[in-house]
Amino acid sequence: MQYVFLIVFLFLTMTANGQMAGGLSDANATEYTGSAWKSIPEINGQNNGGNYLVPIKVLKAQVQVVAGTNTILEVLVGESTCAKGGPIQAKQITAANCPLKANGQRAIYKVTIWEKVWENFTQITAEKVRDVKPSEQF
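As annotated in an unreviewed UniProt entry, the protein chain carries the name Cystatin domain-containing protein and comes from Caenorhabditis briggsae. The Sequence similarities (unreviewed entry) comment attached to the protein chain in UniProt states, word for word, "Belongs to the cystatin family."

Engineer: How would you sum up the overall build of the protein chain? Please name residues and give values.
Structural biologist: For the protein chain, the helix and strand inventory stands at three helices and five strands. The linear arrangement of helices and strands in the protein chain, starting from the amino end, is α-β-α-α-β-β-β-β. Relative to its full complement of 138 residues, the protein chain shows a buried share of 33%. Contacts spanning at least 24 positions in sequence make up 62% of the contacts within the protein chain whose residues lie at least 6 apart. Carbon and sulfur atoms form 56% of the exposed surface of the protein chain, whose accessible area is close to 8700 Å².

Engineer: I'd like a rundown of the pairing of strand E5 (residues 121–132), residues and numbers included.
Structural biologist: Every other side chain in a regular strand lies on the same face of the sheet, so the side chains alternate between the two faces. Bridge count for strand E4 (residues 106–116) against E5 is 11 bridges, and the pairing is antiparallel. Bridged to Trp 114 within E5 is Gln 123. Remark: four residues form the turn of the hairpin made by E4 and E5, two consecutive strands paired antiparallel; Asn 120 in that turn has positive phi of roughly 55°.

Engineer: Give a description of the packing of aromatic side chains that names residues and reports values.
Structural biologist: Following the criterion strictly, the structure yields one aromatic pair and no others. Their ring planes at 80° and their centres at 4.9 Å tell us that Trp 114 and Phe 121 sit as a pair that is edge-to-face. Geometry around Phe 121 places Lys 116 over its ring, the cationic atom sitting 5.1 Å from the centre.

Engineer: Explain the sheet that holds strand E3 (residues 68–83) to me, and be specific about the residues and the numbers.
Structural biologist: The antiparallel open sheet is built from five strands, whose spatial order is E1-E2-E3-E4-E5. Where the open sheet ends on each side, the last strands, each with one partner, are strand E1 (24–27) and E5. Each strand axis lies, on average, 30° off the axis of its neighbour in the sheet, ignoring direction. Relative to E3, strand E2 (residues 51–66) is paired through 13 bridges, and the arrangement is antiparallel. Looking across to E3, one finds that Val 66 is bridged to Gly 68.

Engineer: An account of the nonpolar core is needed here, citing residue identities and associated values.
Structural biologist: Counting 24 residues, the largest nonpolar core has Ile 43, Leu 73, Val 77, Ile 93, Tyr 109 and Val 111 as the members making the most contacts within it. Of all the elements in the fold, those that place two or more residues in this core are helix H3 (40–46), E2, E3 and E4. Top element by residues in this core is E2. It accounts for six residues. When neighbours within four sequence positions are excluded, Val 111 is seen to be in contact with Ser 39, Ile 43, Thr 71, Ile 72, Leu 73, Val 75, Ile 124, Thr 125 and Ala 126.

Rules and cut-offs
- Residues numbered from 1 in each chain as written.
- Predicted model: local features only at pLDDT ≥ 70, side-chain atom pairs only at ≥ 80, totals over all residues.
- Heavy atoms only, no water.
- UniProt positions renumbered as here; feature names shortened; annotations may be inferred.
- Helix = DSSP H or I, 4+ residues; strand = E, 2+ residues; numbered from the N terminus.
- Buried < 20%, exposed > 50% of the residue type's maximum accessible area, 1.4 Å probe, protein only.
- Contact = heavy atoms within 4.5 Å.
- Areas by Shrake-Rupley, 256 points an atom, 1.4 Å probe, with all protein chains shown as cover.
- Pairing = 2+ DSSP bridges.
- Phe/Tyr/Trp six-rings, centres within 6.5 Å; stacked < 30°, edge-to-face > 60°.
- Lys NZ or Arg CZ within 6 Å of the ring centre and 35° of its normal.
- Axes fitted to C-alpha atoms, helices over the stretch in contact; angles between N-to-C directions.
- Core = buried A, V, L, I, M, F, W, Y, C linked by side-chain atoms within 4.5 Å.

Quick look at the structure:
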């Protein structure tokens with residue numbers, strides 16, 4: 001009888017995708033490129049450079065199910081050809097209208113996206129981890 005309660009308890013604490021509620025799980029980083037683009041306005045709000053930054057690659061992705069979903073990304077960003085103060089605003093940046101600048105500056109940012117889809121709630125925070133040397137490969 002105790003085993004039945006244990007199994008029921010474990011089943012009830014699992015989420016639909018098999019993660020334990022509250023636990024941090026590694027995810028396939030290549031599936032989070034769209035999420036990285038959502039964080040660009042927040043990243044560019046911290047960017048003191050003359051051009052906007054754009055995501056190059058998601059290096060690491062983790063997901064945590066809490067009161068909603070926390071997605072934690074490590075994103076490699078690079079300087080684009082779009083100047084701040086130009087015709088394109090930070091929320092309008094796409095890969096098509098702001099291409100990556102050749103030999104531009106690069107950096108790694110830690111991005112946290114907290115979503116509660118049933119409340120139409122999204123909170124994005126970004127923190128610069130470090131600058132990236134031109135010789136570094138990812």
